[in-house]
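If you want the building blocks of each chain, they are given just below.
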Amino acid sequence: MVGKLLEEKSFPRGAPEFKPVEPTTPTNAPKAAVKKKEKDLFSNKEQKVSKKKKNKKKDKTQKSLFDVSTVATLSYSQLSEGQVLLGFVSQVLEFELKISLPGHLVGTVPITNISTAYTTRLRDAADATEGQDSDELPSLNSLYSEGDMVATAVVSVSKSDNRYSVILSLAPVRVMGGRLAGVGEICTAGVESKEDHGHIMDIGSNTVRGFVPSKAMSKMGEVEVGKVMWCLVTRVEAGVRSLTPVPGKVWGQECSNPSVHNLYPGTKVRGKVEGVLRNGLKVSLKDGLVGYVHIDQLKDQMDLVEGYTVGSEVEARVLYITPTINNVMLTLRDTRQKDLFKGVQAGQLLEKAIVEKTHSNFLVLKLGPGQFGLVTARNMKEGKEVMKNVKKKFKVGSTVTARVLALDYCGGVAVCSLQKSLLAGVQRLDQLTVGQLLSVTVKSWVTAGLLVTVGHNVTGLVPRLFLSDVQLTHPERKYLPGDKLSAKVLRLNPANRQLHLTTKPILVKEEFTIVKDYESAVPGTITEGVVVKLSKEGVLVQLWGDLRGWVPKSQLSTETIEYPEKLFWLGQAVKCRVTDCDPARDRVSLSLVLDTMVPMGRRERGRQVLTLGKMYTATVVKVSDEGVEVRVTHEGKQVPAMIPTQHLTDQVSLATMIASNLTVGQQLECLAWQKDVVTVLTRKKSILDNWANCPKSYDEFDVGSLVPGVVVLVKKFGVFLRVPHLEKLVLCPTRMLQDYFVEQGEGIVEVGQTLWAKVVELDRDEMKMVVSCGVESVGWGVESMGGLVGEWLQEVNTVSEWYSNKVGDLVSGKVTKVTEFGLLLDVEGVKGVATNSNLGGQVVEEGDNVAGVVIYVDHVAKVVEVSCDGGLVSRVTTRKAGQVARVGAVVKGRVVMHKTEHSISVVVISNPTNLSGMVGFLGTRKHVNDLAGLDQGDEGKEVSMVVQEITSRGEVVLVLDREVRRAREKGVKRSRTQSLSEEPRKEKVKKKKRRSEIEVEVKTSEVINTEEVEAMEIVSNEDSPDVLTLAAEVDENPEKKKMKKKKKKEKKEKNVEDATELDQDEQVITQTDKPAKLPEADPGWDFSATSVSAPAWQAASIWSDDELDDEKENEDTAEKTHLSKSEAKRRKRVEEEQAAAREQRLLDGEVAQPTTMEEFERLVVASPDSSLVWVQYMVLTMQGGELEVARGVAKRALQRINFRLEAERLNIFLAWLNLENSFGTEEAMEKVMKEALQCCDQFKVYSQVAAIYQQSGKVGEAEKTHKVMARKFNKEKEVWIKYGIFYYKNNKLNDGRFVLQRSLQSLDKRDHLEMSSKFAQIEFRYGDPERGKTMFETILSNYPRRTDLWSVYADQLVKTGDLDAARALFRRMATLDLQAKRMKFLFKKWLDFETGHGTETGVGEVRQAAQRYLEGKGGGSDLVTEGEGGIA
């Protein structure tokens, strides 16, 4: 290339050849030639021609055109894509790195340009869904720190508004550019993965990988995948480069044979000074290479180029190689020094910087020991001012005030500025403080808010909510770029470069205390904040900094405010007072109640002019999630009001549907219900119909009054309701919310829900009222059950105009799509859905036409649910026209679908035949207060019902027949017990009447006869313990007592039988329900291992037979007063289904035990879904040894029994499994078990299979089954308890104890106490009693107030015969400081123990201990009395 240029002598813009002039080598070149050379070739304007006059000698030798007299300074325009440079990390941000480059340039490495492996981890972290396991992505702060040396490749260079943007990459694939380093050469490599013996490294090649042994990598500490490291190649093999990242080896390695191909940035080289240039050095390297050192890259900033002599040796590192020309640029600095700028930060103002060195176009300042700053000519002047006489203006040794603009780790200097505009303005975020008043300039509008500039180079954001005192529809039209605004610092985070401000005039202009942290949040401090969130419970206020405060509803105003969203709005500035500050809980409580302000809402409440209780016609203005905004015409004025969503109806499930179907302009008839900050209207039918009849004041209320109410507030201790005419709320305690035990009301009732309330306590002076909302207390009947369904249908019909068909109509639809859940249909232009359970086994494809019956219409989604079941369609199709159901008629039908959210079931009538095919609606709640509802069982179940009502549209309202009978029986019982139960109910403190008074009442009563009194005893035992006590003392006649004892005995036996039935699962057929006993001949297999006679799945105990007895004993001594909601529903369902099963057997003629196969064939035809019949059939065949016939019977049973009756099918599978276990092979057993697991509940199957194996002595198989259960159902407590009992029973105590440890690792923490208690009982029964004692002692030391645990511990000691230990335990119990009710239970237990196992002395000790307890509590009466041998 050089030769070619020399041949072009006639180039028009060329010049004669000449030798470049070097400062240390004078030349005799002509004057004109020197001038032209300086101007055209090198453009060094700083060099004057007059200096060349001193060169009198003429050097006749000629040099290349590429020889230079000055070292070129790297500029942004010289950078090109792909160029590789040595850089230094100057700043680490959250998503990018700032890199210092030679020539005081700055580049940016985005987080996506670190390495390929890091980008992959970044993408995986972004794609990971919530809760999905993903490795934690290391932050850039953990990978790099300021001052780190890196090799970078230029990705792009762009220019905008006279500013350059340089994007760099550290990825080896770009930096290495396909180059493979040889042995002894350095490179950068990214950690790709961690293996057993080392790390796989990415060195930028697709075919060759790097490898770092574990021993070498261990010296680097913890290394993250994706990090790029400096490495030295130690060995070269095919496809692999062995590397070492040890810094001592990497930076100590010197390149022995340098060339432009192996001089990687950062490479150490050794050379000789060949020439001293004006602004640097020319260095000769081996093999004829020449390098250049800029004056900025000398060893020290105070070094002068004149201090280096030609021929002296220097040690340097490669910065970069100039493209095309291939000039090697070097640095003599110590590149590994990282603490250059200790105590100096970007943006810092330095007032006493010393001018250390001056040049014509830059200054060198001394900032501190070994710290220097650089001021370029551009940073010395203001605007377009021309800088002259720099050396004269800034004398060496003088002091100046400078602003640090940036830290140049590559040049080892801090870039500074002397411009006055920068010295006075804000340059760094850490110069600001929260609450500081600033003047800002509008920059631009973005979605999040307004971008403004503060000072010279600081940008902040004004969020939307903090712009103005009023809500602006188009804020971008008000704030234009360039506008000057006053603002205050709202939030400040210098580490993440975040600055939020507020321009609200109230916050900017007013003076108040800035509350920005917990230290400044002193209770009593008054400050200003902004509302950022509204809820029913209160308001969340943004204070200053990251501090937020909560204003509960009670602190919003002295006025009652139930709808804060109507008084406050998001972005509203409010003055508030700090009431509490709790840093440990991260909570600040505020109050808006201030003495200097009018209470919030008082003005709004004064504007309410509507009369409460009066009907108004309201026009819909707006429909929102919270409710419906309406306007009411009153005395010629338009008055705004609102209807909360839940006030649109009494049916909670329909409120959202009704609201979604309202339209603006629609008129609604409403009643004025409440005056808040806005008048609240209601459309609840219960309120509209009963407002006039409700008591008007507390004086008109009595205990027993029944009124409708609306839930306003739900607390843990109870529910507050608003009732007609009363301004104050009434309380329904949680224990009175339902007839069964309810832990808390939240999640059971909703705000705005309708509940009828019965007054149980009344204080007229204090104007307080306590009510009960239990179904039994408010009363229920057939009318309330049917009324709920009728009202539901009436509400639904008001929004059903969009669809002409109704439930029960036949329709035809076209299949538009087949999904895994069912079919999507087009039903006469309306979207339709048919689930798989409603297809009846049909197989259809897209485009097919199907016939179906409408079973539900969704008025919110505008979708019709259709059943295509062939049996239902044919039954509805063949329905006789013109047939109308008679109110009160008893019918039978099948449940088609449950809508649990509406408490409605759709049924199709099957009997009587003239009504067959008619579709009706069956309610599952007794009353609007019934929060649990009735369990109707699975879909497809046959039920007996009574027609309650026929609506105007011909819809049939049905009520369960058994509930009708219960309602009647309930009415009879209530009338019989009214005379005895009425008086105690009115008294707050119930007392026993004297026997003489009771006798007089009985003798003078003309209504109650002997039979009724006996009936009263039974009823009172169910309803009221006090009434039972009274009835027990009515007559002292010995004969009557004898009769009563006999009745009590019979009743006790009945209760035991009922309890046994409750312990049985609804799917299990008990032996007591069989029409006759099984044949006495032994078929050869164990019935007890099947579910036909085993305890139920949902029984309270999971123990074996002997364990079950103990559990029942414990339950008798400590029975819960209240049942949980699920337990009440379960017991009710079991009782109902067992009664229905008994009735069905009688209807099916199961009165005699079949004895032949023919009789069984007739019986299975009559009762194909009865598993009991099929199992008895199998027994009959096995008595004759016909095992294959028994297997065939089992297969037939599984084919015939309805697939929805999972419990019946499970019974067949268990009988079959028992058969195969006793007589079959392991393969047959596994086959049957596999099929059972596919068709039935796996937990139930595994549990019974384990029992079968254990009872048959196959311990190994039983252990395997328990292990499978522990793996698959590790969150079930019963699994671990059964597993532990299995090991204990087989004398594997250590294994059983290990099961406890495994269970505690798998179960939730709330179950640990119960598990520990259970295993302690297991230790007593099967293991080491002493260990059991230790376990109980440990538990009680942590939970000393759990009386149930004390009781269980005592029972275990008594059962093991350790009476002395039990007595000592009872004495410890007597010292507990518990409530009297709990201590009464413990003393009663101790008394029973001493009565049965002790002496009179022991009984006396119990009484003395009880007396001491009472005296300690300040009581004056005995806790232990002799009345009935118990605790009084």
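Residues numbered from 1 in each chain as written. Predicted model: local features only at pLDDT ≥ 70, side-chain atom pairs only at ≥ 80, totals over all residues. Heavy atoms only, no water.

Peer 1: Could you clarify how one ought to interpret the overall build of the protein in this entry?
Peer 2: Within the protein, the regular secondary structure consists of 39 helices and 50 strands. By residue count, 47% of the 1432 residues in the protein fall in the buried class. The long-range share in the protein, meaning contacts at least 24 apart out of those at least 6 apart in sequence, stands at 61%. As displayed, the protein offers around 72,800 Å² of accessible surface, 49% of which is attributable to carbon and sulfur atoms. (Helix = DSSP H or I, 4+ residues; strand = E, 2+ residues; numbered from the N terminus. Buried < 20%, exposed > 50% of the residue type's maximum accessible area, 1.4 Å probe, protein only. Contact = heavy atoms within 4.5 Å. Areas by Shrake-Rupley, 256 points an atom, 1.4 Å probe, with all protein chains shown as cover.)

Peer 1: What's the story with unusual backbone geometry in this structure? I'm lost.
Peer 2: For residues besides glycine, phi is generally negative; the peptide bonds are generally trans as well. Cis geometry marks the peptide bond from Asn911 to Pro912; its omega dihedral reads 5 degrees. Along the chain, the position of Pro912 falls in the loop between β47 (904–911) and β48 (919–923). Positive phi outside glycine occurs at His104, with the angle close to 60 degrees. Within the secondary structure layout, His104 lies in the loop between β2 (96–101) and β3 (105–110).

Peer 1: Honestly, helix α25 (residues 1157–1166) in this entry has me stumped. Any pointers?
Peer 2: Given 3.6 residues per helical turn, the α-helix brings residues three or four places apart onto the same face. Regarding α25, the residues found buried are Phe1160, Leu1163 and Val1164. Seen from one end, α25 has its buried residues packed into an arc of 95 degrees, which puts them on one side. Exposed side of α25, more than 90 degrees from the buried face: Glu1158, Arg1162 and Val1165 are the residues found there. Those residues of α25 that are buried are in contact with α26 (1171–1183) and α27 (1187–1200). (Arc of directions from axis to C-beta.)

Peer 1: What is the right way to read the nonpolar core from this model?
Peer 2: A general trend in soluble globular proteins is that nonpolar side chains are found buried together. Counting residues in each nonpolar core, the largest one holds 88 residues, and the members touching the most others are Trp1174, Ile1212, Leu1217, Phe1319, Phe1387 and Trp1390. Setting aside anything within four residues of it in sequence, one finds Leu1217 in contact with Met1229, Val1232, Met1233, Val1249 and Ile1252. (Core = buried A, V, L, I, M, F, W, Y, C linked by side-chain atoms within 4.5 Å.)

Peer 1: Looking at this structure, how should I read the packing of aromatic side chains?
Peer 2: The description of an aromatic ring pair uses the distance of the two centres, along with the angle that the planes make with each other. The tally for this structure, following the rule as stated, stands at 20 aromatic pairs. Note on Tyr76 and Tyr164: the rings are 5.1 Å apart at their centroids and 10 degrees apart in plane angle, and the pair reads as stacked. Residue Tyr76 is located in the loop between α2 (31–42) and β1 (84–92), and its partner Tyr164 is located in strand β5 (residues 163–169); the two are separated by 88 residues in the primary sequence. These aromatic residues form a ring-pair network of at least three members: Trp230, Trp251 and Tyr264. Over the aromatic face of Phe512 sits the side chain of Lys488, whose NZ or CZ is 4.8 Å from the ring centroid. (Phe/Tyr/Trp six-rings, centres within 6.5 Å; stacked < 30°, edge-to-face > 60°. Lys NZ or Arg CZ within 6 Å of the ring centre and 35° of its normal.)

Peer 1: Can you walk me through the packing of helix α31 (residues 1259–1272) against helix α32 (residues 1277–1289) in this structure?
Peer 2: The relative placement of two packed helices is expressed as an angle between their axes plus a distance between the axes. Look at α31 against α32: their axes get within 10 Å of each other, and the N-to-C directions meet at 155 degrees. With respect to α32, the element α31 is oriented roughly antiparallel. Crossing geometry of α31 relative to α32 is assigned as left-handed. Residues Val1259, Ala1262, Glu1263, His1266, Lys1267, Met1269 and Ala1270 of α31 form the contact with α32, whose own contacting residues are Val1279, Trp1280, Lys1282, Tyr1283, Phe1286 and Tyr1287. Residue composition of the contact of α31 with α32, by class: nine nonpolar, one polar and three charged. (Axes fitted to C-alpha atoms, helices over the stretch in contact; angles between N-to-C directions. Parallel < 35°, antiparallel > 145°, perpendicular 65-115°, else oblique. Left-handed = near helix turned anticlockwise from the far one by under 90°. Nonpolar A, V, L, I, M, F, W, Y, C, P; charged D, E, K, R; others polar.)

Peer 1: Quick question: what am I supposed to make of the packing of α26 against helix α28 (residues 1206–1223) here?
Peer 2: Where α26 meets α28, the closest approach of the two axes is 8 Å, and the angle between their N-to-C directions is 20 degrees. One element, α26, and the other, α28, form an angle in the roughly parallel class. With respect to the hand of their crossing, α26 and α28 are arranged in right-handed fashion. Touching Ser1171, Trp1174, Val1175, Met1178 and Met1182 of α26 are Glu1208, Asn1211, Ile1212, Ala1215, Trp1216, Leu1219 and Phe1223, all from α28. Each residue belonging to the contact of α26 with α28 can be placed in one class, and the counts come to nine nonpolar, two polar and one charged.

Peer 1: Got a minute to help me understand empty space enclosed by the protein in this structure?
Peer 2: Taken as a whole, this structure holds 14 cavities of 30 Å³ or more when the rule is applied. Of the voids in this model, the largest cavity is the one considered here, and its volume is about 200 Å³. Residue lining of the largest cavity: 18 residues in total, with Val796, Asn797, Val807, Val857 and His859 positioned closest to the centre. Going through the elements one at a time, α16 (782–797) and β44 (849–858) are the ones with two or more residues in the lining of the largest cavity. (1 Å grid on protein atoms, 1.4 Å probe; cavity = no way out; pocket = protein on both sides within 12 Å on 5 of 7 lines; lining within 4 Å. Points joined across faces, edges and corners; volume = space filled by probe spheres on them.)

Peer 1: Please explain the side chain of His859 as it appears in this structure.
Peer 2: Its place among the elements puts His859 in the loop between β44 and β45 (863–867). A polar contact of 2.8 Å, which involves the side chain of His859, links it to the side chain of Trp802. What His859 contacts, discounting residues up to four positions off in sequence, is Met657, Asn661, Val796, Val799, Ser800 and Trp802. (Polar contact = N/O pair within 3.5 Å; in protein donor to acceptor, adjacent residues only side chain to side chain.)

Peer 1: Even after reading the chapter, I still don't get the confidence of the model for the protein, so can you show me in this structure?
Peer 2: Per-residue confidence for the protein gives a mean pLDDT of 78; residues scoring 70 or more make up 81%. The low-confidence segment residues 1424–1432, where pLDDT is below 50, has 19 contacts with residues more than four positions distant or belonging to other chains. (pLDDT = per-residue confidence, 0-100.)

Peer 1: For this particular structure, what's the right way to read the state of the cysteines?
Peer 2: Among covalent bonds in proteins, the disulfide is the one between the sulfur atoms of two cysteines. This model, assessed by the stated rule, comprises zero disulfides. No disulfide involves Cys773; its sulfur sits 3.6 Å from the nearest other cysteine sulfur, which is in Cys732. (Disulfide = S-S within 2.5 Å.)

Peer 1: What am I meant to see in the pairing of strand β16 (residues 349–358) here?
Peer 2: The side chains of a regular strand alternate, first on one face of the sheet and then on the other. With four bridges joining them, β16 and strand β19 (residues 399–408) adopt antiparallel strand pairing. By the bridge assignment for β19, Ile354 is matched with Thr399. Pairing of β16 with strand β17 (residues 362–368) involves four bridges; the strand directions are antiparallel. Pairing of Lys357 across the sheet is with Val364, part of β17. (Pairing = 2+ DSSP bridges.)

Peer 1: Can you help me understand the sheet that holds strand β6 (residues 186–194) in this one?
Peer 2: Strand pairing in a sheet takes place through backbone hydrogen bonds and is either antiparallel or parallel in direction. Strand order in this closed barrel of five strands is β6-β7-β8-β10-β9, and the pairing throughout is mixed. For this sheet the average axis-to-axis angle between neighbouring strands, irrespective of direction, equals 55 degrees.

Peer 1: Please clarify how the sheet that holds β45 should be interpreted in this entry.
Peer 2: Read once around its circumference, the closed barrel built from five strands follows the order β41-β42-β43-β45-β44, with strand pairing classed as mixed. Direction aside, neighbouring strands of the sheet carry axes that sit 50 degrees apart on average. Relative to β45, β44 runs antiparallel, the two sharing five bridges. Within β45, the position partnered with Asp858 by the bridge is Val863. Each of β41 (810–818), β44 and β45 touches helix α17 (residues 870–877); the most contacted strand, β44, lies at about 85 degrees to it.

Peer 1: Can you walk me through the environment of Val742 in this structure?
Peer 2: With respect to the helices, strands and loops of the structure, Val742 is situated in the loop between β38 (730–733) and β39 (754–763). Of the residues examined, Val742 reaches a relative accessible area of 6% and is grouped as buried. Setting aside chain neighbours within four positions, we find Val742 in contact with Thr734, Leu737 and Ile748.

Peer 1: Where do I start with the environment of Cys694 in this structure?
Peer 2: With respect to the element layout, Cys694 can be found in the loop between α14 (685–690) and β36 (706–714). The exposure class of Cys694 is buried, given its relative accessible area of 5%. Counting along the chain gives eleven residues from Cys694 to Ser705, while the straight-line C-alpha distance between them is 9.0 Å. Ignoring anything within four residues of it in the chain, the contact list for Cys694 reads Val707, Pro708, Pro724 and His725.

Peer 1: Is there a simple way to think about helix α3 (residues 116–127) in this case?
Peer 2: In this model α3 runs 17 Å from its N-terminal to its C-terminal C-alpha over twelve residues, within 8% of the 16 Å that 1.5 Å per residue would give. All buried positions along α3 are accounted for by Ala117, Tyr118, Thr119 and Arg121. (Expected span 1.5 Å × (residues − 1).)

Peer 1: Just to check I follow, could you spell out the pattern of salt bridges for this structure?
Peer 2: It is possible for side chains bearing opposite charge to pair when their charged atoms get close. Here the structure, examined in full by the defined rule, presents 35 salt bridges. Among the ionic pairs, Glu1220 bridges to Arg1191, the shortest N-O distance being 2.5 Å. With a gap of 29 residues between them, Glu1220 in helix α28 and Arg1191 in helix α27 connect regions that are remote in the sequence. The residue Asp1308 makes a salt bridge to Arg1310 at a minimum N-O spacing of 3.3 Å. Beyond isolated ion pairs, a larger network of salt bridges with shared partners links Glu254, Lys268, Arg270 and Glu315. (Salt bridge = Lys/Arg side-chain N within 4 Å of Asp/Glu carboxyl O.)

Peer 1: What am I meant to see in the pairing of strand β18 (residues 371–376) here?
Peer 2: By the criterion of burial, β18 is predominantly enclosed, with five of the six residues buried. As paired elements, β17 and β18 share six bridges and run antiparallel to each other. Paired with Phe362 across the bridge in β18 is Thr376. In this antiparallel pair of consecutive strands, β17 and β18, the connection spans two residues, and Gly370 shows a positive phi of 70 degrees.

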